[in-house]
Amino acid sequence: MKTQKHLSLTERTNSLLESLPDFCSSFRNHLDASGTLTSTIYQYIYDLDYFLNWLLNYSPYFSDKTKQQLTTQDISKVNYEDIDNFLSWYRIKDKSLDTERSDRTLARKKASLSVFFVFLCSRGWIDGNPVSASGKIKIRKKNLIYLEPEEQEAYKNTILYGIGLSGKAAAEHSKYAKRDYALAALLLDTGMRISEVQGSDIIDYDFNYCNLVVRRKGGNMDTVYYSDDTRDALLDYLNSKSDWQKQHKNPMFTTLDGNRLGVRAMENLIKKYAIAALPQKGASITPHKMRSTFAMDFYDASGYDMLLLKERMAHKSIATTQIYAEARKEKIEQSRNFRMKSQKD
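Residues numbered from 1 in each chain as written. Predicted model: local features only at pLDDT ≥ 70, side-chain atom pairs only at ≥ 80, totals over all residues. Heavy atoms only, no water.

S.K.: Outline the pattern of salt bridges, supporting the account with residue identities and numerical values.
M.R.: In this structure the tally under the stated criterion is 16 salt bridges. The salt bridge involving Asp-222 is made with Arg-216; its shortest N-O contact spans 3.1 Å. Residue class for Arg-216 comes out buried when judged on its relative accessible area of 5%. As a salt-bridge pair, Lys-310 and Glu-311 come within 3.7 Å of each other at their nearest N and O atoms. Salt bridges sharing common partners tie together Arg-193, Glu-196, Arg-216 and Asp-222. (Salt bridge = Lys/Arg side-chain N within 4 Å of Asp/Glu carboxyl O. Buried < 20%, exposed > 50% of the residue type's maximum accessible area, 1.4 Å probe, protein only.)

Encoded structure:
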């Protein structure tokens with residue numbers, strides 16, 4: 001029997017839906033038909049289940065009901081105060097802990113609920129979205145973390161030659177070097193999300209034209225282009241696979257046994273090499289920081305063309321892309337005394 005840990009995301013979503021009212025299944029079907037990623041669907045249903053449990057336990061109107069007894073008419077009674085109260089409770093759910101949940105975590109939970117209520121409105125089952133009237137969550141601006149060109153070289157050299165690795169990682173380095181270098185090269189060269197890379201199959205790659213077809217966040221299909229150097233790294237890795245692993249229907253990035261490499265495994269190997277190559281900075285390097293690195297490099301190389309960067313990053317809003325322009329502006333401002341620094345050196 002499979003444990004919850006080993007269930008697929010689809011199975012885990014279905015398990016949650018078994019205890020939820022029918023309109024939640026309609027919500028899941030809507031997301032699926034819209035091309036929403038399986039991982040995103042699971043998170044939405046998980047958040048919805050969490051919220052409905054809170055309603056049953058903390059809202060007087062719902063105290064005499066079970067989750068499966070809830071109707072859309074019941075849900076129409078939810079107002080902005082309920083949303084605010086839920087988020088306030090969620091922030092400090094465990095009062096024994098010294099820390100609270102972050103604003104960013106609350107904002108993500110709030111976004112899940114908003115998608116759900118917008119769906120109900122679109123079906124005419126409720127009149128309005130209570131989330132839109134709830135309190136605004138202000139997310140403090142984070143410093144953008146990315147790899148400078150010389151740091152990228154150090155990072156790649158660690159993957160290629162094992163520089164800085166120790167123990168088991170050093171002993172097994174040669175088994176994974178070609179795969180891990182191809183993965184890092186693809187991330188740095190395209191800015192793809194780790195879920196997009198993880199889900200790619202060999203058949204998705206066109207090595208003649210240096211591109212691959214991916215399903216973007218939100219479900220849209222897109223063509224992503226990579227450089228000749230990345231093509232060579234991918235082919236070098238592909239040629240190292242056994243013949244049966246090279247079949248087009250198989251995943252591109254796999255374990256030694258040929259199983260698709262998981263997102264968590266990819267995240268771990270990215271961080272492993274970063275810590276070895278950049279001890280002062282490595283712990284903060286994730287696949288998304290590789291995406292940020294691509295964005296900063298491309299923004300510079302394109303002559304600060306934000307619209308082109310927006311397309312390459314597959315952002316829905318230019319506001320999301322704006323963070324890279326702001327980061328570049330800050331770096332230019334910080335370099336105003338570069339002559340004084342060079343004289344001291």
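S.K.: Could you give an account of the layout of surface pockets, naming the residues involved and the relevant values?
M.R.: The calculated volume of the second largest pocket comes to roughly 290 Å³. In terms of lining, the second largest pocket is formed by 14 residues, of which the most central are Leu-37, Ser-195, Glu-196, Gly-199 and Arg-215. Secondary-structure elements contributing two or more residues to the lining of the second largest pocket are helix 3 (38-58), helix 10 (194-198) and strand 2 (211-215). Residues belonging to the lining of the second largest pocket are distributed by class as follows: 5 nonpolar, 6 polar and 3 charged. (1 Å grid on protein atoms, 1.4 Å probe; cavity = no way out; pocket = protein on both sides within 12 Å on 5 of 7 lines; lining within 4 Å. Points joined across faces, edges and corners; volume = space filled by probe spheres on them. Helix = DSSP H or I, 4+ residues; strand = E, 2+ residues; numbered from the N terminus. Nonpolar A, V, L, I, M, F, W, Y, C, P; charged D, E, K, R; others polar.)

S.K.: So, the state of the cysteines: which residues are in play, and what are the values?
M.R.: For the structure shown, the criterion picks out 0 disulfides. This cysteine, Cys-24, is not joined by any disulfide, and Cys-121 carries the nearest cysteine sulfur, 15 Å off. (Disulfide = S-S within 2.5 Å.)

S.K.: Any details on the packing of aromatic side chains? Residues and values, ideally.
M.R.: The full count for this structure, using the stated rule, is 24 aromatic pairs. With a centroid separation of 6.2 Å and an interplanar angle of 15°, the aromatic rings of Phe-51 and Trp-54 are classed as stacked. Residue Phe-51 and its partner Trp-54 are located together in helix 3, separated by 3 residues, close to a single helical turn. Each member of the pair Phe-51 and Trp-54 is classed as buried. For the ring pair Phe-294 and Phe-298, a centre distance of 5.6 Å and an interplane angle of 25° mean the geometry is stacked. In this pair, Phe-294 and Phe-298 both sit in helix 13 (residues 287-301), 4 residues apart, roughly one turn of the helix. Phe-298 gets classed as buried once you look at its relative accessible area, which sits at 15%. (Phe/Tyr/Trp six-rings, centres within 6.5 Å; stacked < 30°, edge-to-face > 60°.)

S.K.: Could you give me a rundown of the sheet that holds strand 3 (residues 221-225), with the residues and numbers involved?
M.R.: Reading across from one edge, 1-2-3 is the order of the 3 strands in this open sheet, with antiparallel pairing throughout. Looking at strand neighbours, the two that pair on one side only are strand 1 (205-206) and strand 3, the edges of this open sheet. For strand 2 and strand 3, the ladder comprises 5 bridges, and the chain directions are antiparallel. Across the sheet, Arg-215 pairs through a bridge with Met-221, a residue of strand 3. (Pairing = 2+ DSSP bridges.)

S.K.: So, the packing of helix 2 (residues 22-33) against helix 6 (residues 103-122): which residues are in play, and what are the values?
M.R.: Between helix 2 and helix 6, whose axes approach to 11 Å, the crossing angle comes to 100°. Comparing their axes, helix 6 and helix 2 come out roughly perpendicular. Residues Phe-23, Ser-26, Phe-27, His-30 and Leu-31 of helix 2 pack against Val-115, Phe-116, Phe-119 and Leu-120 of helix 6. (Axes fitted to C-alpha atoms, helices over the stretch in contact; angles between N-to-C directions. Parallel < 35°, antiparallel > 145°, perpendicular 65-115°, else oblique. Contact = heavy atoms within 4.5 Å.)

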